[in-house]
Amino acid sequence: MRKPVIAGNWKMYKLLSEAVETALALKPLVANANHCEVVIAPVFVQIKTIADRLEGSNINVAAQDCAPVEKQSANTGEVSAEMLKDVGCSHIIIGHSERRQFYAESDNAVNQKTKSCLTSGLKAIVCVGEMLAEREAGKAEEVVKTQVVNGLAGLTTADMERIIIAYEPVWAIGTGKTATPEQAQEMHAFIRQVLTETHGKVVADSTRILYGGSVKPENIKELMNQEDVDGALVGGASLDANSFAQIVNYK
Ligand code: PGA
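Right, let's walk through the structure included here. Here the residue numbers are simple positions, counted from 1 along each chain's written sequence. For a predicted model such as this one, the threshold for reporting local features is a pLDDT of at least 70, and the threshold for listing and counting side-chain atom pairs is 80 or more; totals across whole chains, interfaces and linings nevertheless cover every residue. For the side-chain quantities, the full set of heavy atoms in the structure was used; hydrogens and water were omitted.

1. Observations regarding the overall build of the protein
The criterion, for reference: Helix and strand labels come from DSSP, where a helix needs a run of H or I of at least four residues and a strand needs a run of E of at least two; each type is numbered from the N terminus. The globule rule is 2.2 Å times the number of residues to the power 0.38, and the radius of gyration it is compared with is taken over C-alpha atoms. For the exposure calls, accessible area comes from a 1.4 Å probe over protein chains only, and a residue counts as buried if that area is under 20% of its type's maximum, exposed if over 50%, partly exposed in between. The contact criterion used throughout is that any non-hydrogen atoms of two residues lie within 4.5 Å. Exposure was quantified through the Shrake-Rupley algorithm and a 1.4 Å probe, taking into account, for residues, occlusion by the shown protein chains and nothing else. His is not counted, nor are the chain ends; Lys and Arg add positive charge and Asp and Glu add negative charge. By convention, the charge on Lys lies at NZ, on Arg at CZ, on Asp at CG and on Glu at CD.
When its secondary structure is counted, the protein shows 12 helices and eight strands. Here the protein has a C-alpha radius of gyration of 17 Å; the compact-globule value for 251 residues is 18 Å, and the two agree. C-alpha atoms of the protein, sized along the principal axes, occupy 45 × 45 × 35 Å. Taking all 251 residues of the protein together, 54% fall into the buried category. Partitioning the contacts of the protein with sequence separation of at least 6, the portion at a separation of at least 24 is 72%. Of the roughly 11300 Å² that the protein leaves accessible, carbon and sulfur atoms contribute 51%. Looking at charge distribution, the protein has the averaged site of its 25 positive side-chain charges lying 3 Å from that of its 31 negative ones.

2. Focus: the state of the cysteines
Operational definition: Cysteine sulfur atoms that pair up within 2.5 Å are treated as a disulfide.
The full count for this structure, using the stated rule, is zero disulfides. For the unlinked cysteine Cys66, the closest cysteine sulfur is that of Cys117, found at 5.8 Å. The buried category is assigned to Cys66, whose relative accessible area is 1%. On the basis of relative accessibility, which here comes to 0%, the residue Cys117 falls in the buried class.

3. Quick look at the sheet that holds strand 4 (residues 91–94)
To keep things clear, this is the line we draw: Following DSSP output, two strands are said to pair if at least two bridges run between them. Axis lines are fitted through C-alpha atoms, for helices just across the contact stretch, and the angle between N-to-C directions can take any value from 0 to 180 degrees.
Pairing in this closed barrel of eight strands is parallel, and the strands run 1-2-3-4-5-6-7-8 around the ring. For this sheet, the mean inter-axis angle between neighbouring strands, taken without regard to orientation, is 25°. Bridging between strand 3 (residues 59–63) and strand 4 involves two bridges; their strand directions are parallel. Residue pairing across strands places Ala63 opposite Ile92, the latter belonging to strand 4.

4. Quick word on the packing of helix 5 (residues 107–119) against helix 7 (residues 140–151)
Quick reminder of the rule: When an angle is under 35 degrees it counts as roughly parallel; over 145 it counts as roughly antiparallel; between 65 and 115 it counts as roughly perpendicular; any other value is oblique. Note on convention: near helix rotated counterclockwise from far helix by under a right angle means a left-handed crossing. Clockwise means right-handed. Residue type decides the class: Asp, Glu, Lys and Arg count as charged, Ala, Val, Leu, Ile, Met, Phe, Trp, Tyr, Cys and Pro as nonpolar, and the leftover types, Gly among them, as polar.
Look at helix 5 against helix 7: their axes get within 8 Å of each other, and the N-to-C directions meet at 40°. Taken together, the axis directions place helix 5 and helix 7 in an arrangement best described as oblique. Note on packing geometry: the crossing formed by helix 5 with helix 7 is right-handed. Between helix 5 and helix 7, the residues in contact are Asp107, Val110, Asn111 and Thr114 and Thr146, Gln147, Asn150 and Gly151, respectively. Among the residues forming the contact of helix 5 with helix 7, the class breakdown is one nonpolar, six polar and one charged.

5. Some points on the packing of helix 7 against helix 9 (residues 181–199)
Close contact between helix 7 and helix 9 brings their axes to 10 Å; oriented N to C, the two are set at 45°. Our classification of the angle between helix 7 and helix 9 gives oblique. Like other packed secondary-structure pairs, helix 7 and helix 9 cross with a definite hand, here right-handed. In this structure, helix 7 uses Ala140, Glu141, Val144, Lys145, Val148 and Val149 to contact helix 9, whose residues at the interface are Met187, Phe190, Ile191, Val194, Leu195, Glu197 and Thr198. Of the residues contributing to the contact of helix 7 with helix 9, the split by class is nine nonpolar, one polar and three charged.

As structure tokens, then:
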């Protein structure tokens, strides 16, 4: 049984007052959502405040990135996974396509950040996904496989218990173009096959694979009906408490 995860990625959209307002509005709306793990990801500087305000609720707080090194060290501008845990984070989103595209984040960096996240005892939401040109060239599976294999390289079976994969086709992010439920299912089943090759069937069958890319209250149910879709990573539709709550309460 894979417990679904519904995660909201607030990206760089909210000022602190707006983030607090949304988090507090969300709290009662998802209070009965025991069927899934609910996660929201504000920016670094808001994590402590949001985590404090949500203490005792069923909403988990995630960071949107972390440093590739764990050690307290000379790394100006970086924030370590341990520091994120220290201020109330339980999850970290790693390798989001915006980081890969705009900040040249490599699979190797994703791998180091993932290991750092696990060392600190947090869960990693590792993002993978192909660009439109790659899909059109018939290379979607090859691209995603490389990201999964390299991103998760060296992780043990025990490590994998705290790995959540998010498949986010880049052409579907913020564009209003959702992958069809069939396209999502096809890639999720493929990722599970890749995990079977790298970590064995038991790990593959228990790893949660989320879909991301224009998830909305209108399409969540159909996506969740797919056998290998275990949740969603939601951008735009997570910014509003009501719409995110509808996605969480898709059942
Ligand atoms: P979107 O973003 O839901 O706005 O398409 C998804 C994401 O970037 O995680």
